[in-house]
Amino acid sequence: MKACDHSVRKGLPAILLMAGLLAACGNEAADDVTDPMSGEETPTVLPAGEAIAGAKVATLDPATMVDAEIQTVLGGPPRCVFRYTSFGKPVLALGGGADGAPAAAVVKLNGHLIQLPAMASDRRIDMAADPVRLTLSPSLEAGEEEATLLFEIGQDMRVGYRGYSDCD
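Residues numbered from 1 in each chain as written. Predicted model: local features only at pLDDT ≥ 70, side-chain atom pairs only at ≥ 80, totals over all residues. Heavy atoms only, no water.

A.B. asks: When you look at the side chain of Thr135 in this model, what are you seeing that I'm missing?
C.D. replies: If you trace the backbone, Thr135 turns up in strand β6 (residues 132-138). Reaching out from Thr135, the side chain makes a polar contact with the side chain of Asp126 at a distance of 3.2 Å. When sequence neighbours within four positions are dropped, the list of residues in contact with Thr135 reads Arg124, Ile125, Asp126, Met127, Thr148, Leu149 and Leu150. (Helix = DSSP H or I, 4+ residues; strand = E, 2+ residues; numbered from the N terminus. Polar contact = N/O pair within 3.5 Å; in protein donor to acceptor, adjacent residues only side chain to side chain. Contact = heavy atoms within 4.5 Å.)

Shown next as structure tokens:
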């Protein structure tokens, strides 16, 4: 064996590793698109307290929803949505009232849909169905789609999420 052949063989695993890492960089699909959840039961609409009963609060996060789930609660397509990723499915959807202001919202917790009344105030939308509270705050920069969602359950849990909002 020549010395040259030996050094090429030593470097081959590193080259293969780099090629694999670079190949993964081009995937821009959202997590819920590339790894869709399957086998779930159809969620039911419940009051907030019932929906989170028995849930592990430490691991409870708003879950993604499909259009049919959103329309079940809002009665039509949403006016605003909040997504964890720019290409992901909504985890919060808001329907408008007669005046165009947000009137109702839907979120999916612990496998159940929860309807929350919504009220718009100065640069944010507040939603609450005891003990669940949500606050959506769009970015203050004009034209930005970024937003923050604050999710609270009573005094036990308070979590903020950065994501993207899209409103009509």
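What follows picks up the thread again.
A.B. asks: Would you mind showing me how to read the state of the cysteines here?
C.D. replies: As used in these notes, a disulfide is a covalent bond between sulfur atoms, one from each of two cysteines. Inspection of every chain in the model, using the stated rule, returns one disulfide. In this model Cys80 forms its disulfide with Cys167; the gap between the sulfur atoms is 2.1 Å. Negative torsions about the S-S bond denote left-handed disulfides, and the value of about 125° found for Cys80 with Cys167 makes this one right-handed. Note that Cys80 is positioned in strand β1 (residues 80-83) and Cys167 in strand β8 (residues 157-167), a separation of 87 residues in sequence. (Disulfide = S-S within 2.5 Å.)

A.B. asks: I would appreciate a short explanation of the sheet that holds β8 in the present structure.
C.D. replies: To summarise the sheet geometry, strands pair through backbone hydrogen bonds and adopt either a parallel or an antiparallel arrangement. Around the barrel, eight strands lie side by side as β1-β2-β3-β4-β5-β6-β7-β8; this closed barrel has antiparallel pairing. For this sheet the average axis-to-axis angle between neighbouring strands, irrespective of direction, equals 30°. With five bridges connecting them, strand β5 (residues 124-129) and β6 associate as antiparallel partners. Among the inter-strand pairings, Ile125 is bridged to a residue of β6, identified as Leu136. (Pairing = 2+ DSSP bridges. Axes fitted to C-alpha atoms, helices over the stretch in contact; angles between N-to-C directions.)

A.B. asks: Please clarify how the confidence of the model for the protein chain should be interpreted in this entry.
C.D. replies: Looking at the protein chain as a whole, the pLDDT averages 79, with 70% of positions reaching at least 70. Ranking the helices and strands of the protein chain by mean pLDDT puts helix α4 (residues 67-74) first, with 95, and helix α1 (residues 3-24) last, with 48. Counting interchain partners and residues more than four positions distant, the pLDDT-below-50 stretch residues 4-8 has one contact. Below pLDDT 50 for its whole length, residues 14-27 participates in one contact with residues either more than four positions away or in separate chains. (pLDDT = per-residue confidence, 0-100.)

A.B. asks: It is not clear to me how the nonpolar core should be interpreted in this structure. Could you clarify?
C.D. replies: Note that soluble globular proteins tend to have their nonpolar side chains buried in a common cluster. Judged by nonpolar contacts, the single largest core of 28 residues is most densely connected at Leu92, Leu94, Leu116, Met127, Leu136 and Phe151. Of the residues forming this core, the biggest block, four residues, is contributed by strand β7 (residues 146-153). In contact with Leu92, not counting residues within four places along its chain, are Met65, Cys80, Val81, Phe82, Ala105, Val106, Val107, Met127, Leu134, Leu136 and Leu149. Residues Ile70, Val73, Val81 and Ala93 belong to the second largest nonpolar core, which totals seven residues. (Core = buried A, V, L, I, M, F, W, Y, C linked by side-chain atoms within 4.5 Å. Buried < 20%, exposed > 50% of the residue type's maximum accessible area, 1.4 Å probe, protein only.)

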